[in-house]
Amino acid sequence: HLYLPERQVGSIVLFNLNGHSSAEVAAALDAEGICIRAGLHCSPLAHRLAGTLSGGALRASVGYFNTEAAVIALSLAVKRLAWR
């Protein structure tokens, strides 16, 4: 599930995989060398608005030093996890 504003601004993507906790997904990605944040991200009010207050969400941030290959690796890893 992607939590996107009406107009995407910036390079942060907030998401969850149905049936998996954010901590579980973050740990699985970490095992593949991919680091993302899991939980409430110091913003419980934003999570209340998104409907993710009970379990948080995953936050992927793409920055200047990330490569296209890193973004593709993240998307492929998430896809593999979603089919488990």
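Criteria and cut-off values
Residues numbered from 1 in each chain as written. Predicted model: local features only at pLDDT ≥ 70, side-chain atom pairs only at ≥ 80, totals over all residues. Heavy atoms only, no water. Pairing = 2+ DSSP bridges. Helix = DSSP H or I, 4+ residues; strand = E, 2+ residues; numbered from the N terminus. Core = buried A, V, L, I, M, F, W, Y, C linked by side-chain atoms within 4.5 Å. Buried < 20%, exposed > 50% of the residue type's maximum accessible area, 1.4 Å probe, protein only. Contact = heavy atoms within 4.5 Å. 1 Å grid on protein atoms, 1.4 Å probe; cavity = no way out; pocket = protein on both sides within 12 Å on 5 of 7 lines; lining within 4 Å. Points joined across faces, edges and corners; volume = space filled by probe spheres on them. Nonpolar A, V, L, I, M, F, W, Y, C, P; charged D, E, K, R; others polar. Axes fitted to C-alpha atoms, helices over the stretch in contact; angles between N-to-C directions. Parallel < 35°, antiparallel > 145°, perpendicular 65-115°, else oblique. Left-handed = near helix turned anticlockwise from the far one by under 90°.

Trainee: Would you mind showing me how to read the pairing of strand β4 (residues 57-61) here?
Mentor: As a general feature of sheets, a regular strand has side chains that alternate between the two faces. With 4 bridges joining them, strand β2 (residues 12-15) and β4 adopt antiparallel strand pairing. Residue pairing across strands places Phe15 opposite Leu58, the latter belonging to β4. Judged from the 3 bridges that link them, strand β3 (residues 37-39) and β4 form a sheet pairing that is antiparallel. Bridge pairing in β4 links Gly39 to Ala57.

Trainee: Hey, could you run me through the nonpolar core in this one?
Mentor: Across soluble globular proteins, nonpolar side chains have a tendency to be buried as a group. Grouped together as the largest cluster of nonpolar side chains are 14 residues, with contacts concentrated most on Leu29, Ile36 and Leu74. For this core, the secondary-structure elements that each account for two or more residues are α1 (22-31), β4 and α3 (68-82). Setting aside its immediate chain neighbours within four residues, Leu74 contacts Leu29, Ile34, Ile36 and Ala60.

Trainee: Is there a simple way to think about the layout of surface pockets in this case?
Mentor: One water molecule sets the probe size; rolling that probe over the atoms shows where empty space is left. The calculated volume of the largest pocket comes to roughly 260 Å³. As for the largest pocket, its lining consists of 15 residues, and the residues nearest its centre are Tyr3, Leu14, Ala46, His47 and Ala50. Elements represented by at least two residues in the lining of the largest pocket include exactly β2 and α2 (44-50). Here the element with the most residues in the lining of the largest pocket is α2; it accounts for 4 residues. Within the lining of the largest pocket, the residues separate by chemical class into 10 nonpolar, 4 polar and 1 charged.

Trainee: How should I be thinking about the packing of α1 against α3 in this particular structure?
Mentor: Packing of α1 against α3 brings their axes to within 11 Å, and their N-to-C directions diverge by 125°. Comparing their axes, α3 and α1 come out oblique. Classified by chirality, the crossing of α3 by α1 is right-handed. Packed against α1, whose contacting residues are Val25, Ala28 and Leu29, the element α3 presents Leu74, Ala77, Val78 and Leu81 at the interface.

Trainee: Mind showing me how you'd approach the sheet that holds strand β1 (residues 2-3) here?
Mentor: Pairing between the strands of a sheet comes from backbone hydrogen bonds, and it takes one of two forms, parallel or antiparallel. Taken together, 4 strands build an open sheet; the order of strands is β1-β2-β4-β3 and the sheet is antiparallel. Looking at strand neighbours, the two that pair on one side only are β1 and β3, the edges of this open sheet. Bridge count between β1 and β2: 2 bridges; the pairing is antiparallel. Of the residues in β2, the one forming a bridge with Leu2 is Phe15.

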